[in-house]
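Residues per chain are reported as follows:
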Amino acid sequence: MFVPQQEAWVVERMGKFHRILEPGLNVLLPIVDRVKYVQSLKEIAIDVPKQSAITSDNVTLSIDGVLYLRILNPYLASYGVEDPEFAITQLAQTTMRSELGKMSLDKVFRERESLNYSIVESINKASEAWGITCLRYEIRDIKLPSRVHEAMQMQVEAERRKRAAILESEGVRAADINVAEGKRQSRILASEAQKQEEINRANGEAAALLAVADARAKGLKMVAESLLSTSGRDAASLTVAEKYVNAFENLAKKNNTLIVPANASDVTAMVGQAMQIYNSLSAASAADRKESESSGGAAGAATVEQWQQMGSVEESATHGSGASKPAEQ
């Protein structure tokens with residue numbers, strides 16, 4: 001006898017199991033030996049017929065599948081069960097019905113892989129005595145009642161609409177946040193720019209005031225140094241006389257009512273009075289000048305004060321130093 005590869009021939013001698021023929025050439029005794037069973041050692045795919053099952057939430061399903069198995073022990077497959085394929089098919093159907101009864105409808109769709117694994121494990125426990133092992137089980141088709149199917153479709157549509165509404169609201173929220181953040185950044189930048197502008201303006205004004213003060217200080221210092229010279233008094237007398245005349249000229253242009261001193265035409269007396277004030281101040285500060293020379297810089301300050309007092313001469317020329325009389329123009 002020539003036995004093909006991946007096949008196991010079970011030989012009986014006089015009705016009793018004798019041996020299993022290996023692939024290749026095998027010699028049998030005529031009449032005494034007889035090949036009783038031929039088992040295929042290849043992987044076999046068995047179609048599990050469609051059947052009804054009830055889930056834990058009382059939903060009736062119509063489900064079918066495909067079972068993949070292999071014969072490991074030809075002796076047990078031949079003498080352990082009458083029809084191995086029929087027995088495995090019935091076992092797969094009952095096991096599948098039992099496992100579906102433990103699960104809800106939603107869980108059946110989410111956990112099909114775990115369901116297949118549970119069915120394979122249950123079949124292997126029962127088919128171990130038959131010399132058959134189940135490799136895997138695949139659910140091929142699940143059919144639902146029409147009303148349940150419509151309800152699931154409505155649920156899916158509602159879920160999709162919910163997700164769309166959530167995504168749209170999140171988009172609007174993100175857009176509002178971006179707009180608010182942009183306005184916030186814009187206001188912050190504008191306030192910082194305004195702050196910097198005010199700082200720059202303040203710095204400019206401070207620098208201008210310092211420059212004006214420095215220029216006035218230098219001017220007063222130069223005037224003080226000029227007054228110490230021989231011709232300084234004559235220059236001061238001339239300046240007082242010019243300002244005296246200019247003051248009356250400006251009053252005549254800007255006002256209708258004038259208050260002038262009684263001797264407004266006596267410019268010489270006015271200048272003499274101013275110079276007398278200047279001489280008295282110079283004599284009073286002569287003693288202090290020697291003391292201030294040791295500390296340095298005090299002479300210029302005294303001279304500045306004297307020059308400021310000289311400015312009062314102009315005011316006295318304008319408002320009068322003694323008796324005055326009104327004049328209308």
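Above this text you will find the structure in question.
From a predicted model like this one, the values you see are computed outputs, not experimental measurements.

Overview of the pattern of salt bridges
In total, this model carries nine salt bridges according to the counting rule given. One salt bridge connects Arg-13 with Asp-33, and the closest N-O pair in it is separated by 2.5 Å. Separated by 20 residues along the polypeptide, Arg-13 in strand β2 (residues 7-13) and Asp-33 in strand β5 (residues 33-40) bring together distant segments of the chain. Judged by its relative accessible area of 31%, Arg-13 falls in the partly exposed class. The buried category is assigned to Asp-33, whose relative accessible area is 10%. As a salt-bridge pair, Asp-214 and Lys-218 come within 3.3 Å of each other at their nearest N and O atoms.

Comments concerning the sheet that holds strand β8 (residues 132-143)
Taken in spatial order, the three strands of this open sheet run β6-β7-β8, and their pairing is antiparallel. Each having just a single partner strand, β6 (44-54) and β8 make up the two edges of the open sheet. Sheet twist, expressed as the mean angle between neighbouring strand axes with direction ignored, is 25°. Looking at chain direction, β6 and strand β7 (residues 60-71) are connected through nine bridges and run antiparallel. Counted as the bridge partner of Ser-52 is Ser-62 from β7. Set on the sheet, helix α2 (residues 84-100) makes contact with β6, β7 and β8; between it and β6 the angle comes to about 35°. The sheet contacts of helix α4 (residues 112-127) involve β7 and β8, and relative to β8 the element is tilted by about 140°.

Details of the pairing of β7
The antiparallel pairing of β6 with β7 creates a hairpin that spans five residues between the two strands, and Asn-58 there sits at a positive phi of about 65°. Bridging between β7 and β8 involves 10 bridges; their strand directions are antiparallel. Within β8, the residue paired with Tyr-68 across the bridge is Arg-136.

Quick notes on a nonpolar patch on the surface
A cluster of nonpolar residues, Met-14, Leu-29, Ile-31 and Val-32, forms a patch on the protein surface that exposes about 470 Å² of accessible area. Checked against the element boundaries, Met-14 lands in the loop between β2 and β3 (16-21).

A short note on the packing of aromatic side chains
Applying the stated criterion across every chain, the model contains four aromatic pairs. With a centroid separation of 5.4 Å and 85° between ring planes, the pair formed by Tyr-37 and Tyr-79 is classed as edge-to-face. Placement of the pair is Tyr-37 in strand β5 and Tyr-79 in helix α1 (residues 74-79), with a sequence separation of 42 residues. Residue class for Tyr-37 comes out partly exposed when judged on its relative accessible area of 28%. The class for Tyr-79 is partly exposed, based on a relative accessible area of 33%. Ring centres of Tyr-75 and Tyr-79 lie 5.1 Å apart, and the angle between their planes is 45°; this geometry places the pair in the tilted category. With Tyr-75 and Tyr-79 both in helix α1 and four residues apart, the pair spans about one turn of that helix. With relative accessibility at 37%, the residue Tyr-75 sits in the partly exposed group. One aromatic cluster is present, built from ring pairs that chain together Phe-17, Tyr-37, Tyr-75 and Tyr-79.

Reading the values: rules and limits
- Residues numbered from 1 in each chain as written.
- Predicted model: local features only at pLDDT ≥ 70, side-chain atom pairs only at ≥ 80, totals over all residues.
- Heavy atoms only, no water.
- Salt bridge = Lys/Arg side-chain N within 4 Å of Asp/Glu carboxyl O.
- Helix = DSSP H or I, 4+ residues; strand = E, 2+ residues; numbered from the N terminus.
- Buried < 20%, exposed > 50% of the residue type's maximum accessible area, 1.4 Å probe, protein only.
- Pairing = 2+ DSSP bridges.
- Axes fitted to C-alpha atoms, helices over the stretch in contact; angles between N-to-C directions.
- Contact = heavy atoms within 4.5 Å.
- Patch = residues over 30% accessible without salt bridge, like charges linked within 9 Å, V, L, I, M, F, W, Y side chains within 5 Å.
- Areas by Shrake-Rupley, 256 points an atom, 1.4 Å probe, with all protein chains shown as cover.
- Phe/Tyr/Trp six-rings, centres within 6.5 Å; stacked < 30°, edge-to-face > 60°.

By themselves, these are just geometric observations and shouldn't be taken as functional.
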